[in-house]
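A closer look at the structure
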Amino acid sequence: MKLRKLTMWMVLLLLLVFALVPNLIAAEPITIRVLNYLDASSPGAAREITEIWQRFEEENPDILVIREDQFGEPFHHKTEAYAAAGKLPEVLYVWPGGRSATLHQKKLLKDISRLLGDERNAFIDAALEPQAGGYLAMIPIGLTASHAMYVNTALLEELGLEMPKTYEDLKAMVAPLRAAGKDCIIIGAQDDWVMQSVLYSMIFGRLVGDEKLYEFIEGKAKFTDKVFVDSLRFYEQLFIDGVINRNAMQTPYGEAPALFAAGRAPFMIDGDWRAGAFLTDESTGKALIPPEKQKKIKMTVFPAIPGEINHGTSSIVPAVGYAMSAHVPDGSPEEEAAWRLISWLNSAEVQKIRLETGAAFPTRKGVTSDKLEPLAQERAEFYGRISGTHVLDDKLPPEICIPLNIGLQEIGLGLATPLEVARNVQAAYDEWAKSNK
Amino acid sequence: MITRRTKAEERRAYLLLVLPAVLLYFAVVAFPMIFSLWISVSDYSGGQIFGGSTPVRFAGFSNYVRMWNDRYFWISLKNNVYIVLISVFGQIPLGFILAYALHRNMFRAKGFFQTVIYLPCVISSVIVGILWQTIFSPYGPVTEIMQFFRPGWQNTMLSNPRTAMIPVLLVMLWYYTGTYFIIFLANLQKIDKEVIEAAKIDGATEWQTLRHVILPALSGVIVTSAILAISGSLKSFDLIFAMTGGNPARRTSVLALYMYDTAFRGAPNYPRANAVSTFMMAFSFLLIIITKLVEKRFGGKEE
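Reading the values: the criteria
- Residue indices begin from 1 for each chain and proceed along its sequence in written order.
- Whichever chain is written first is A, and whichever ligand is written first is 1; the rest continue in order.
- Whole-chain, interface and lining totals are the exception, using all residues; otherwise, since this is a predicted model, local features are given only for residues with pLDDT of at least 70 and side-chain atom pairs are given and counted only at 80 or more.
- Here, a nonpolar core means buried Ala, Val, Leu, Ile, Met, Phe, Trp, Tyr and Cys residues linked by C-beta atoms lying within 7 Å of one another.
- The exposure scheme places C-beta atoms from the backbone and then counts, for each residue, the other C-beta atoms within 10 Å of its own, assigning buried at 20 or more, exposed at 12 or fewer, and partly exposed in between.
- In this text, helices come from DSSP runs of H or I with a minimum length of four residues, and strands from runs of E with a minimum of two, each type numbered from the N-terminal end.
- Residue ranges assigned to the domains are those given by an automatic or database domain assignment.
- In this description, strands pair whenever DSSP reports at least two bridges between them.
- Any residue pair is listed as a contact if its two C-beta atoms, each placed from the backbone, are within 7 Å.
- Only C-alpha atoms enter the line fits that serve as axes; for helices the fit covers just the stretch in contact. Angles between N-to-C directions range over 0 to 180 degrees.
- When residues are grouped by polarity, Ala, Val, Leu, Ile, Met, Phe, Trp, Tyr, Cys and Pro land in nonpolar, Asp, Glu, Lys and Arg in charged, and all others, Gly among them, in polar.
- Should an angle fall under 35 degrees it is taken as roughly parallel, and over 145 as roughly antiparallel, whereas 65 to 115 is taken as roughly perpendicular and any remaining angle as oblique.
- We call a crossing left-handed when the near helix sits turned anticlockwise from the far one by less than a right angle, and right-handed when that turn is clockwise.

Our focus in this paragraph is the nonpolar core. Residue and element names in this part refer to chain A. Counting residues in each nonpolar core, the largest one holds 113 residues, and the members touching the most others are Val91, Val94, Ile185, Ile187 and Met268. Examining the composition of this core, we find that 10 residues originate from one element, helix 8 (residues 193–207), more than from any other. In terms of domain composition, this core takes at least three residues from each of domain 1 (30–140 + 320–359) and domain 2 (145–316 + 390–435).

Time to look at the sheet that holds strand 8 (residues 267–270) of chain A. All names here are of chain A. The strand order across the open sheet formed by 4 strands is 7-8-6-11, and the pairing between neighbours is mixed. Two strands in the sheet have a free side with no partner beyond their single neighbour: strand 7 (185–186) and strand 11 (297–300). Packed on one face of the sheet, helix 15 (residues 374–385) meets strand 6 (148–152) and strand 11 and runs near 20 degrees to strand 11.

Before going further, it helps to examine the domain arrangement of chain A. Often, the extent of an interface is quoted as the loss of accessible area upon association of its parts. Residues and elements named next belong to chain A. Looking at the assigned domains, one finds that chain A contains domain 1 (30–140 + 320–359) and domain 2 (145–316 + 390–435). Here the C-alpha centre of domain 2 lies 29 Å away from the C-alpha centre of domain 1. Counting residues at the interface gives 13 residues for domain 1 and 15 residues for domain 2. Of the residues belonging to the side of domain 1 that touches domain 2, the class tally is 5 nonpolar, 6 polar and 2 charged.

Okay, the sheet that holds strand 12 (residues 313–318) of chain A next. Across a sheet, strands are paired by hydrogen bonds formed along the backbone, either parallel or antiparallel in direction. Residues and elements named next belong to chain A. The sheet built from 3 strands is open, its strands ordered 5-12-14 with mixed pairing. Edge strands, defined here as strands with exactly one partner in the open sheet, are strand 5 (143–145) and strand 14 (387–390). Each neighbouring strand pair of the sheet contributes to a mean axis angle of 50 degrees, computed without reference to strand direction. With 3 bridges connecting them, strand 5 and strand 12 associate as antiparallel partners. When the bridges of strand 12 are listed, Ala145 appears paired with Ile316. Strand contacts of helix 8: strand 12 and strand 14, with the helix running at about 115 degrees to strand 12, the strand carrying the most contacts.

Here we take up the pairing of strand 11 of chain A. Residue and element names in this part refer to chain A. Residues Ile297 and Met299 of strand 11 are buried on one face, while the alternating residues Lys298 and Thr300, pointing to the opposite face, are not. Of the pairings in the sheet, the one linking strand 6 to strand 11 comprises 4 bridges and is antiparallel in character. Each residue of the ladder has a partner; that of Met149, found in strand 11, is Thr300.

This part is about the environment of Phe75(A). All names here are of chain A. Within the element layout of this structure, Phe75 appears in helix 3 (residues 73–85). With 18 residues separating them in the primary sequence, Phe75 and Tyr93 have C-alpha atoms 9.5 Å apart. Ignoring any residue separated from it by four or fewer positions in sequence, one finds Phe75 in contact with Tyr37 and Gln70.

Residues and elements named next belong to chain B. Contact geometry of helix 3 (residues 71–103) with helix 9 (residues 206–234) gives a least axis separation of 9 Å together with a crossing angle of 150 degrees. Classified by the angle between their axes, helix 3 and helix 9 sit roughly antiparallel to one another. Note that helix 3 runs across helix 9; the crossing there is right-handed. Contacts from Asn80, Ile83, Val84, Ser87, Val88, Gln91 and Ile92 of helix 3 reach helix 9 at Ile222, Ser225, Ala226, Ala229, Ile230, Gly232, Ser233 and Leu234. Across the contact of helix 3 with helix 9, the residue classes break down as 9 nonpolar, 6 polar and no charged.

With that settled, the discussion passes to unusual backbone geometry. Of note, the amide linkage connecting Asn247(B) to Pro248(B) takes the cis form, showing an omega dihedral of 5 degrees. Among the secondary structure elements, Pro248(B) is positioned in the loop between helix 10 (238–243) and helix 11 (255–264). Positive phi, close to 55 degrees, is recorded for Lys107(A), a residue that is not glycine. Looking at the secondary structure, you find Lys107(A) in the loop between helix 4 (101–105) and helix 5 (113–116).

Right under this line is the structure:
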């Protein structure tokens, strides 16, 4: 009798265990919030979503990713709003400095050195340089040249023009191009960061140089010094000579690739990332510039500028990457989940996809692809041909960079002189220096 | 007979009934306003406000002084004044004229015009902004049409500081007139037709009917519309943000955009942004008081 009772209790206990174990195993997934930067209209967007994000979710059912995609200025504003509210998502897309300076300087991002461990050996050295906070907050998903000059060689041939080697050559093209109803260089600079990032940083690098930039930041030189004012004067000259139409300042950033593809000008100046806009969108099979015509598009840098001290340089910055918010506790399941996601986003497989879509040039050693369209191939070769100086908004604090950005637009529109802008930038520097003492 | 006790009970009942609304008002209107005012005189730089690592201190009125000395604040304020003017003296009269013309059957196809005039109001402001950005782009349809008539014509409308706001104001006129049109049309339909007929029998002309019968009857609606237009104009943001982002060189910025840029762009400055919002609130009150005074002085009586 006792044995029967005991057996009955044992069976009940086993049933209870069997009923509970699956529930324990299928515990609630760990939720990771992600603030992601994505241009949903880019040709590579469909692959980015299906092959990178959806695949991670399928392969990691124990992690629930709540992703928020933003693009352009709204992305930066949202980041600042999250930072101000102290509610940063666990994983977020960040710049190495510049627009993400607040995150780095206030140490709102986690130092990932511990998590990275020996995996760091898989990346190129430039990718492992500490960011604006003085520590490694993220691995850049690519390297970026913020200045690239896209050349439509077919249009140049059609008009009987040759690739310019010097600024004088470029200036000489303005009249024949105007006669043919074309602009010389297209830049979509309605947003004020554009001129500084894609053009003026390169001019500054050529005429002033990185060494002097550090002197400006340390207060050893003034922005009203001749060398800085002269670099602004050269920038002004581009508009006076008609090399850049003043209308660039009312051309939306997103409109420039379509105008260039339509042959409105033989040159377009933008970041290297813009190459991706011309590639084939796998979801539609369409490309702004079809692969057979891409062979006639070359990527180079602005021709030689009179008086330049650095020759043939672009402006280069370790690109964006994914960082983890500092509020994620060390050793927690959230940290493990967030790091798993970041590791995937930095994996060779993902970097290969981004190389093919033109979204980024790999920072991992040995990542390559045999599926590159001609312009993506051209972009890969472009890096081998150039050297670089700093992108200004990566080094200058935003308090100084914003008056410079607006000042560059004002010079372009003829609303301010180079000296006036230089004075405004110096005033902004003085105020910044005073508040940071 | 009402006893003292009954009165006290009544008062308690009133207080109880009013309390939820007062609490709600305080939570969603009064508290944010007071809080914003406090932030505007502090040195808050983001993060935790209470018990954070950096204590928030009183900074006096320095943020107001800096706002006052910033030329982009004045550009934004000037643009806001333009928008107030186009709203009060553009959208409201145009909305009224269109509503009056339709109400008095001056056009055929009343339903069609009603739909066409109101249609922009149902489109998202972001879509409208992007649509008009493309239209006014230097390579857009406006340029192409003009170049068809005048080859070589350059579209410098948005890049010229003197004309940069014109496209924005035109779009605002097109976009918001429909709202006032509907308000006036609905209120015109409320006016007793017999009163108008009586005026006609007495020999009143169309203008006299409008001047002495319809406009006085609508004076309250006009004032309400003006208040809506003023407050709406001062918080203009979405359409301009989508259309120009306040550029080029902040020449199409407005106060709300200036505040947003100060708070969230580049180097966030929350106290100064709150100083801007406090100023916007005060400016809005001032304009509404002026509108009420004008109505008191010149408005008709709705009886």
